[in-house]
Amino acid sequence: MSAYPELIANLVAGRDAPALSGAEVEVLSPHSGAPIGRLARSGEADVAAAVASARAAQPAWAATPGVRRGEILHAIANALEARREELARIVALEAGKRMADSLGEVGAAVQCARFFAGEGQRLFGRTMTSGTPNRWAMTVRRPCGVAGLIIAANTPAPNFAWKVFPALICGNGVVLKPAEDTPGSAWLMARICEEAGLPKGLLNVVHGLGAEVGPPIVAHPQVDVISFTGSTRVGREIAETAGRQLKKVSLELGGKNALIVCDDADLDNAVHWAKLASFSNAGQRCAASSRLVVFDAVYDAFVRKFLAATAALKLGVDDDCDLGPVINRRQLDNMCAAVERAAAAGAKVLAGGGRATGPGLSSGFYMQPTVLEGVDPKAEISGAELFGPIPVIYRVPGFEAAIALANASPYGLTAAIHTRDVDRALTFVDRIETGVAVINAGTHGSEPHMPFGGVKASGNGTREPGTEALDIYSELRDVYVNVRPERA
Ligand code: NAD
């Protein structure tokens, strides 16, 4: 029997629910290209039912003490951990990943659940002084109401955890729309949440295509806060709809992240991290290194070592493989077309360049690890996020040019520098226009207690997860208490 659920139904009001229209779509394995299951193809009516359920269940949850909500999240974390193998098998199948990577991602989701479970004991406001005698002034956190959460396919289990757990600990009801390419992990995680004690009806999951399920969630007047992880194009649409309703919205969007290699870098370390940040998860990370900015003095040596590392990469989903397929056929076609256009415009393809077709790969959505050089920093491929294993290498004369090139991007999510010079490293931290700055490692990496997010077209200024996520999923209420000592 396959580890993958045959039919991925919605979860509405605590029950499995096919789409009200009865429509379904196939889920394909990115590794083989073959169908592995079906999912409910939902629409506006399914969203309305899910919002009604979340709305109905939310007041009792909001009235449950935060500490108790945290205890339930602890139970969920333990239940997810107990079923990590089962969950990781689903992630591996639907996302085309090695089992080791899938287990790692489930572990990250568990850590995130634990962090927000602990927040149930804090959910802090502030107590301040008042300008009036005998008056106390303080803030308390209140839930927003119903949170509409829309997530991307790249790391499905952590993506679920990053939004669902902070939304729940703050006392909200939830309507979640998982990515249509990776719905199985959300399907199982939501059920595990209920089995572990989450009140039924509070967490609702509506599956289907982005353009059919996403907009009704965003536009629904009973959804109070939206959190979205995905492309900048869709993020802009969501911001427009939410803006018209003055609805609170958190956007975690794309990146075109620069990794700078200085002339004093430890080159082997720089190559190691550039390889991981460019190619792990087949480059499907908002924080992937897609622009390698290398000082002229070490350019040839870096390129030689980086190409040797690239040539040694093994594609596939077995334990000894380095990267798997990209998520779907459309993304693969987009990547191949972008590389072709770049080559036609004069880019030199140093490695890869197209679809990988080796034994066991040709029916899946495998992109060759691709390295380009000789690209104009203003060219299309320098600005556009491809979300695949396709770094471009740029040659720069020195630090000023490196910073200027790194900042010449519509995005501002993450960046890294490789240098042994503390002045250079900290000047980079000061001047780089990103939400995350890394010294001597990859551009990717995030911890559940740290506030991740970007500037410019990478987001709208919010940060998730960390305690900062509480600001998204709760509203502050000012409380004044007037005391009359003469009555004491
Ligand atoms: P996408 O925007 O196409 O889809 C993301 C989610 O939005 C999916 O669930 C999809 O079904 C849904 N969606 C699609 N159209 C919609 C619409 N019109 N209205 C509402 N929802 C809609 O993105 P993708 O290609 O699946 O994911 C990759 C993108 O996500 C990249 O840009 C990547 O950088 C970004 N990402 C960002 C972060 C971050 O934390 N900043 C993390 C992971 C991925």
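Residues numbered from 1 in each chain as written. Predicted model: local features only at pLDDT ≥ 70, side-chain atom pairs only at ≥ 80, totals over all residues. Heavy atoms only, no water.

Draft legend 1. Summary view of the site of the ligand. Lining the immediate surroundings of the ligand are 28 residues, of which Ile151, Glu180, Ser231, Leu253 and Glu385 lie closest. In the environment of the ligand, an oxygen atom lies 3.3 Å from a nitrogen or oxygen atom belonging to the side chain of Gln331. Here the ligand loses 89% of its free accessible area of 840 Å² to cover by the protein chains. Among the elements of the structure, helix H7 (210-219), strand S11 (225-229) and helix H8 (232-244) are those that each provide at least two residues to the shell around the ligand. Ranked by residue count, the leading element in the shell around the ligand is H7, at four residues. Residues belonging to the shell around the ligand are distributed by class as follows: 15 nonpolar, eight polar and five charged. Here the shell around the ligand gathers at least three residues from each of two domains, domain 1 (7-253 + 459-477) and domain 2 (257-439). (Near = heavy atom within 4 Å. Polar contact = N/O pair within 3.5 Å; in protein donor to acceptor, adjacent residues only side chain to side chain. Areas by Shrake-Rupley, 256 points an atom, 1.4 Å probe, with all protein chains shown as cover. Helix = DSSP H or I, 4+ residues; strand = E, 2+ residues; numbered from the N terminus. Nonpolar A, V, L, I, M, F, W, Y, C, P; charged D, E, K, R; others polar. Domains from an automatic or database assignment.)

Draft legend 2. Inspection of the pattern of salt bridges at higher detail. What the rule picks out here adds up to 29 salt bridges. Residue Glu86 is joined to Arg83 by a salt bridge in which the shortest nitrogen-to-oxygen separation is 2.9 Å. Assessed through its relative accessible area of 25%, Arg83 is described here as partly exposed. Across the pair Glu180 and Lys177 runs a salt bridge whose closest N-O atoms are separated by 3.2 Å. Overall, Lys177 belongs to the buried group, its relative accessible area being 2%. (Salt bridge = Lys/Arg side-chain N within 4 Å of Asp/Glu carboxyl O. Buried < 20%, exposed > 50% of the residue type's maximum accessible area, 1.4 Å probe, protein only.)

Draft legend 3. Representation of unusual backbone geometry within the structure. Cis peptide bonds are those with omega within 30 degrees of zero, and the linkage from Glu464 to Pro465 qualifies with -10°. Summarising the element assignment, Pro465 is placed in the loop between strand S21 (455-456) and helix H15 (469-473). Phi at Leu123 takes a positive value of approximately 40°, unusual for a residue other than glycine. Positive phi, normally seen in glycine, also occurs at Phe387, with a value near 60°.

Draft legend 4. How the structure looks around the environment of Gly145. Secondary-structure assignment places Gly145 in the loop between strand S7 (135-143) and strand S8 (146-150). Its relative accessible area of 4% is what places Gly145 among the buried residues.

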